[in-house]
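Read off the chains here:
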Amino acid sequence: MVKLAEWQGKSVFRKYGVPLPRGEVARSADEAESLVRSGKVPLPCVVKAQVLAGGRGKGGAVRFANTPEEARAAAAAILALEFKGEKVREVLLEEKLPIGRELYLSVTLDRTQRLPILIASTHGGVEIESVADTEIDRQAVDPFPGLTSYEKRRVAKLFGLSGAPARSLDKLLDAVWQVFQREDAELVEINPLATVGEGLVALDAKVIIEDDAAFRHPEYAEVRDDRTELEEIAREKEIAFVQLDGNIGVIANGAGLTMATLDVLKELGGAPGVFLDLGGTDDPKKVTEAFLLMARARPASVFLNIFGGVTRCDTVATGLVEAMRQVPASERFPLIARIRGNNEKEGIEILRSAGVTSVSDLRASAQAAVDAARGRP
Ligand code: GDP
Ligand code: MN
């Protein structure tokens, strides 16, 4: 997933003609102040943290300023923040508009209907998840004709717009639809879409580009996202690796078994911290690499849960034993294994030679991993 920061989303919006406040990005308090002094950003202005997490308004990451000094102070305060675990490296300074109503608008994919959907609500400015379902309007859109005037009129009616404002909504909806289609987005969200006099302005922008279409958009290759350092390395090595908050490492194969393993650990009172999906690997070197990456996350214990199909148990065991040789003794952790399926006997034998016992019962082995992690950071 390529998540664009607000200012990046807005520069895409600008290309397609979505109406926006005037604004500039700053990376320091000095820069923020001079943007205001030079008149590039008119006063009063809004200073907004450029992080990927939402809820900035509530979280003190959106501030207002009436003077260059205030803009400077607001930028300094926001740049010093760590917002929901994310360091703030940039702020967006924008003219503060006299806004009327705050509306909600987005286009995303409905995977059940297998269609794009246009979502609208008059309850903008708050997270859409907190809006009552009855207050949210959803329309599936046929991607071939694209948005039709019928769909656009329905949104105008919902928003209570007619005449000139309805015409600007019409243009805005076309622009949003084009962003969604041409940029291969999986989400284009404007929250809030604000009424300003007779017009509409996108005060916020959330754009997520579909990962599978990234090859069509080299312009997004450099976009920073919310992967951790280890996740980034894993991605380069094409290993499915995700870091969570807990302390138990999980190595499994296949998304289904991996998720089930996380569930079992949770149910037994454990906290999965990293999970790694070996998928259908048939190369022990790949297993070694994956395991070494797991070791770098410093798990309190690791639960290996493999069902051998395409991935043979002996392949996994061989890769694992090699990796364990490479992890320095001071960085070792208890390893609990459960390997079943194709070439199970050979796999178990290889593990045994390295001092690891395979416990075939799922609950018993998961419990052992939970117990081993208990009391460790
Ligand atoms: P989020 O909380 O991370 O989604 O950040 P938003 O960009 O949506 O901003 C949060 C809130 O700040 C909005 O819902 C508005 O109420 C307010 N806000 C942002 N820009 C302006 C502006 O130009 N004028 C006014 N009056 N309020 C703004
Ligand atoms: Mn918002």
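Residues numbered from 1 in each chain as written. Chains lettered and ligands numbered in written order. Predicted model: local features only at pLDDT ≥ 70, side-chain atom pairs only at ≥ 80, totals over all residues. Heavy atoms only, no water.

### Focus: helix α2 (residues 29–37)
What counts here: Remark: exposure states derive from per-residue accessible area (1.4 Å probe, protein chains only) relative to the maximum for the residue type, with buried under 20%, exposed over 50%, and partly exposed in between. Helix and strand definitions follow DSSP, with helices as H or I runs of at least four residues and strands as E runs of at least two, each counted in order from the N terminus. The arc in question is the one spanned by the directions pointing from the helix axis to the C-beta atoms. Contacts: residue pairs with any heavy atoms within 4.5 Å of one another.
Among all positions in α2, only Ala29, Ala32, Glu33, Leu35 and Val36 are buried. What you see down the axis of α2 is that its buried residues fit within an arc of 160°, all on one side. Residues of α2 that are buried in the fold lie against β2 (23–26), β3 (45–49), α3 (68–79) and β7 (91–95). Following α2 by one or two positions, Gly39 has its phi on the positive side, about 85°.

### A few points about the coordination of the manganese ion (ligand 2)
Octahedral metal centres with six donors ideally show angles of 90 or 180 degrees, and tetrahedral centres with four donors ideally show 109.5 degrees. For clarity, the cut-off: Coordination here is defined by N, O and S atoms within 2.8 Å of the metal (3.2 Å for Na, K and Ca), and since water is not considered, a site can look incomplete.
Protein coordination of the manganese ion (ligand 2) is provided by Asn191 (O) and Asp204 (OD), with donor distances spanning 2.2 Å. Note that Asn191 is positioned in strand β11 (residues 185–196) and Asp204 in the loop between β12 (199–202) and β13 (206–209), a separation of 13 residues in sequence.

### Topic: the side chain of Glu231
For clarity, the threshold we go by: Under the rule applied, a polar contact is a pair of N or O atoms within 3.5 Å (in protein, one hydrogen donor and one hydrogen acceptor; residues adjacent in sequence only if both atoms are side-chain atoms).
By the element assignment, Glu231 lies in helix α6 (residues 229–236). Within the structure, Glu231 has its side chain in polar contact with the backbone nitrogen of Gln243 (distance 2.7 Å).

### Quick notes on the environment of Asp137
With respect to the helices and strands, Asp137 occurs in strand β10 (residues 136–140). When the C-alpha atoms of Asp137 and Glu189 are compared, they prove to be 14 Å apart, with 52 residues separating the residues in sequence. What Asp137 contacts, discounting residues up to four positions off in sequence, is Leu118, Ile119, Ala120, Arg154 and Leu158. A distance of 2.7 Å separates polar atoms of two side chains, one belonging to Asp137 and the other to Arg154.

### Topic: the site of ligand 1
Counted only if it meets this: We call a residue near a given molecule or strand whenever any one of its heavy atoms falls within 4 Å of it. Only the protein chains shown count as cover for residues, and all accessible areas are computed by the Shrake-Rupley method using a 1.4 Å probe. Each residue gets one of three labels, nonpolar for Ala, Val, Leu, Ile, Met, Phe, Trp, Tyr, Cys and Pro, charged for Asp, Glu, Lys and Arg, and polar for the others, Gly among them.
Looking at ligand 1, there are 18 residues lining it, with Lys48, Arg56, Gly57, Leu97 and Glu102 nearest. In the model, an oxygen atom of ligand 1 is placed 2.5 Å from a nitrogen or oxygen of the Lys48 side chain. Leu97 is positioned such that a nitrogen or oxygen atom in its backbone is 3.0 Å from a nitrogen atom of ligand 1. Considered on its own, ligand 1 offers 570 Å² of accessible surface; in the complex 84% of this is hidden by protein. The set of elements that each furnish at least two residues to the shell around ligand 1 consists of β3, β4 (62–65) and β11. Looking at side-chain class alone, the shell around ligand 1 contains seven nonpolar, five polar and six charged residues.

### Considerations on the pairing of β7
Operational definition: In this scheme, strands are said to pair when DSSP sees at least two bridges between them.
Of all five residues in β7, four are buried, a share of seventy percent or more. Two elements, β2 and β7, share four bridges in a ladder whose sense is antiparallel. Paired with Ala26 across the two strands is Val91, which belongs to β7. With five bridges joining them, β3 and β7 adopt antiparallel strand pairing.

### Remarks on the packing of aromatic side chains
Selection rule: Put simply, two rings from Phe, Tyr or Trp (the six-membered ring, in Trp's case) pair if the centres are within 6.5 Å, and we call them stacked under 30 degrees between planes, edge-to-face over 60, tilted for the rest. Working rule: Lys NZ or Arg CZ, within 6 Å of ring centre, within 35 degrees of ring normal, means a charge sits over the ring.
Enumeration over the complete set of coordinates arrives at two aromatic pairs. Both rings, one in Phe291 and one in Phe333, keep their centres 5.9 Å apart while their planes meet at 45°; by these two values the pair is tilted. Of the two residues, Phe291 is situated in helix α8 (residues 284–296) and Phe333 in the loop between α9 (313–326) and β18 (335–341); the sequence distance between them amounts to 42 residues. By relative accessible area, Phe291 is classed as buried at 1%. The ring of Phe64 is capped by Lys96, whose NZ or CZ atom sits 4.4 Å from the centre of that ring.

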